[in-house]
Amino acid sequence: MSDAQKKQNFLHGTALLAMATAIVKVIGALYKIPLNAIIGSQGFGYFNTAYDIYNVLLMVSTAGLPVAMSRMISQASSLRHYNQVRRIYHTARGIFLGLGIGGSLLMTVFCRQLAVFQNQPDAWAAIGCLGPCVLLICLMSTFRGFFQGQSNMIPTSVSQVIEAAVKLIVGMAAAVILLKTTGSVPLAAGGAILGVTASCLVSSVYLYVCFRKSYGYLPVTEDSPRSYADTAKGLLLIAVPITLGSAILQFFTMMETKIYMGQLLNLGYSQGAADTMRGIYGMCLTIFNMPCAFITPITISIIPAITAQLTLCNYREAKATEESAVRITGLVSMPCAFGLALLARPITALLGRFSGASLDLAQKLMFVLAIAIAFNAVVMVTTAIMQAHGHAGRPVTNMLIGGVLNLIAVYVLTGNPSIHILGTPIGILVCYVSISILNLVSLGTLIEQPPAVAKNLLRPFLSAALMGLAVTACYKGLTALRVESGLLLCALPVALGVVVYALAAVRLKAITRSDCLLLPKGQRIADFLKL
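Residues numbered from 1 in each chain as written. Predicted model: local features only at pLDDT ≥ 70, side-chain atom pairs only at ≥ 80, totals over all residues. Heavy atoms only, no water.

Asks: Please explain the overall build of the protein as it appears in this structure.
Replies: When you go through the protein residue by residue, the secondary structure sums to 20 helices and zero strands. For 531 residues, the compact-globule estimate of 2.2 N^0.38 gives 24 Å, and the protein sits close to it at 23 Å. When contacts within the protein are restricted to residue pairs at least 6 apart in sequence, long-range pairs at least 24 apart make up 82% of them. A total of about 21,600 Å² of accessible surface is found on the protein, and carbon and sulfur atoms cover 68% of it. Once the 36 positive and 17 negative side-chain charges of the protein are each reduced to a mean point, those two points are 4 Å apart. (Helix = DSSP H or I, 4+ residues; strand = E, 2+ residues; numbered from the N terminus. Rg over C-alpha atoms; globule rule 2.2 N^0.38 Å. Contact = heavy atoms within 4.5 Å. Areas by Shrake-Rupley, 256 points an atom, 1.4 Å probe, with all protein chains shown as cover. Lys, Arg positive; Asp, Glu negative; His and termini not counted. Charge placed at Lys NZ, Arg CZ, Asp CG, Glu CD.)

This is the structure in structure tokens:
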């Protein structure tokens, strides 16, 4: 396969995963936004508490191994060592099963103790219902790692859409039925979580069917695979540092929740009031995670692409792929950061259905989180680049430093009565800014020919700044005209922003013709944009 084809596979894979992510986010909005209205901010707080614990166990189970599988399978496939590809899969599957069973038992058996630990004892039902998902996600990650290592993103993309659709149907139905029959908000939150478990089960079945077909098509070769012990060692050498980094962030997120909930109670807020503030913050985090999710396809696609290029000693092509990934990251993250910051009030009013004091709080929380989007994107893409180069340990150290700074900031700021829960997103911003700086320094010291990150982010930043001016003018004009429709206050500035950003990005050459040509229908896109 030529270098151009490999880069094309990277961008095609990114495009496929991005399209799937867009569909998933639309379905997710149809799930979480009405769910917030059905079970209320307090119930949504229980829902998010279960997710925080689940994410810690999920990261321990799946964060590093799919990346390790992807890297090792990409290396073996580049060298046409398909017996080693088979060995990698079987070894990873055994590790995944052990981790998945342990994580599921922990969440299911100790759901009440975990809820109490999080200062939300009524979240036990949601935590318990989410327990089986850890095992199912582990199985899904085994299959996805196998496909991604061969730059085949179709099964992953389709399974994500299936997962989101089933979650919407089963979760909403279970939440409504349990709330009507029992009147219990904690049980209704647990019912919403059942949709997640059901979706993982259906998605696992789909991936298994795809895997059986693809595995059977692997070419028969005469290479001698490494032993199971050596293969496991290779997987763990890559996976453990990545898992530690991801688990550290998730652990800090869980501890962050414990800290700010405890501080709110210490300030004199009732449990119900603290739970409600937790729910408002949880909805803002949901909005924050939407644009961040579009960076994940880039990081998933870039690792096997760069690994294959480095395996064949194509260092110039590897750098070009890295800089292309940075540009696309900036093109996605910068307008989202500016848009959500400048339209924080109408967006949280529309999506969260907040009003009065709740809307004032949501606006402040969303504004800070929006700024953090740009830095989170830098963290994600620079971490992926270091992992592709085999430097999985340095990002862990950087994440540990950022996480500690986050907890310190949250503890100090949320204990201040005039700041209270607003200190939590400020802590997140401090965390991502510090990790971004540390990652950029690390790239310069670890990689002989590091990508020009700042240079490739500058033009998307300037394009987004111009967009921000137009969006602000439009929103202020609508408010001056006393437009009260929440939909219009969001839709019109966003529509104008899309047009202005597209024009600015083309004029400032934030995207290149070579980038467009490597996308599906790239020739038509490049000609339309006159690149």
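Picking up where we left off.
Asks: How do you make sense of the packing of helix 6 (residues 133–149) against helix 8 (residues 185–216) when you look at a structure like this?
Replies: When two helices pack together, you describe them by how their axes are tilted relative to each other and by the distance separating the axes. Orientation of helix 6 relative to helix 8, taken along the N-to-C sense of each, is 30 degrees, at an axis distance of 9 Å. Taken together, the axes of helix 6 and helix 8 lie roughly parallel to each other. Viewed along their axes, helix 6 and helix 8 form a crossing whose handedness is left-handed. Where helix 6 abuts helix 8, its residues Cys133, Leu136, Ile137, Met140, Phe143, Arg144, Phe146 and Phe147 lie against Val196, Thr197, Cys200, Leu201, Ser203, Ser204, Leu207, Tyr208, Cys210, Phe211, Ser214 and Tyr215. Broken down by class, the residue content of the contact of helix 6 with helix 8 amounts to 15 nonpolar, four polar and one charged. (Axes fitted to C-alpha atoms, helices over the stretch in contact; angles between N-to-C directions. Parallel < 35°, antiparallel > 145°, perpendicular 65-115°, else oblique. Left-handed = near helix turned anticlockwise from the far one by under 90°. Nonpolar A, V, L, I, M, F, W, Y, C, P; charged D, E, K, R; others polar.)

Asks: Just checking my understanding: could you explain the confidence of the model for the protein for this structure?
Replies: Should the pLDDT be low somewhere, the predicted coordinates at that spot are not to be read in detail. On average, residues of the protein carry a pLDDT of 83, and 91% of them reach 70 or more. Considering each helix and strand of the protein separately, the mean pLDDT is smallest for helix 19 (residues 513–517), with a value of 65, and largest for helix 16 (residues 423–446), with 94. For residues 1–8, every residue scores under 50 in pLDDT, and the model assigns this stretch 18 contacts once sequence neighbours within four places are set aside. (pLDDT = per-residue confidence, 0-100.)

Asks: Got a minute to help me understand the environment of Thr197 in this structure?
Replies: Looking at the element boundaries, Thr197 is found in helix 8. Separated by 61 residues in sequence, Thr197 and Leu136 place their C-alpha atoms 8.1 Å apart.

Asks: How should I be thinking about the packing of helix 12 (residues 315–342) against helix 14 (residues 356–388) in this particular structure?
Replies: Direction vectors running N to C along helix 12 and helix 14 enclose 170 degrees, while the axes themselves pass 8 Å from each other. What the angle tells us is that helix 12 and helix 14 run roughly antiparallel. Contacts from Glu322, Ala325, Val326, Thr329, Ser333, Met334, Cys336, Ala337, Leu340 and Ala341 of helix 12 reach helix 14 at Met366, Phe367, Ala370, Ile373, Ala374, Ala377, Val381 and Ile385. A breakdown of the residues in the contact of helix 12 with helix 14 according to their chemical character gives 15 nonpolar, two polar and one charged.

Asks: Quick question: what am I supposed to make of the packing of aromatic side chains here?
Replies: How two aromatic rings sit relative to each other is set out by the distance from centre to centre and by the angle between their planes. The tally for this structure, following the rule as stated, stands at 11 aromatic pairs. Centroid distance Tyr89 to Tyr215: 6.0 Å. Interplanar angle 55 degrees. Geometry classified as tilted. Here the residue Tyr89 occupies a position in helix 3 (residues 82–109), and Tyr215 occupies one in helix 8, the gap between them amounting to 126 residues. For Tyr89, a relative accessible area of 3% corresponds to the buried category. Taken together, a centroid distance of 5.6 Å and an interplanar angle of 70 degrees make the contact between Phe146 and Phe147 edge-to-face. Residue classification places Phe146 among the buried positions, given a relative accessible area of 0%. Judged by relative accessible area, Phe147 falls into the buried class, the value being 1%. Ring pairs connect the aromatic residues Tyr89, Phe143, Phe146, Phe147, Tyr208, Phe211 and Tyr215, which therefore count as one cluster. Across the ring face of Tyr228, the terminal group of Arg87 is positioned such that the distance to the ring centre comes to 4.0 Å. (Phe/Tyr/Trp six-rings, centres within 6.5 Å; stacked < 30°, edge-to-face > 60°. Buried < 20%, exposed > 50% of the residue type's maximum accessible area, 1.4 Å probe, protein only. Lys NZ or Arg CZ within 6 Å of the ring centre and 35° of its normal.)

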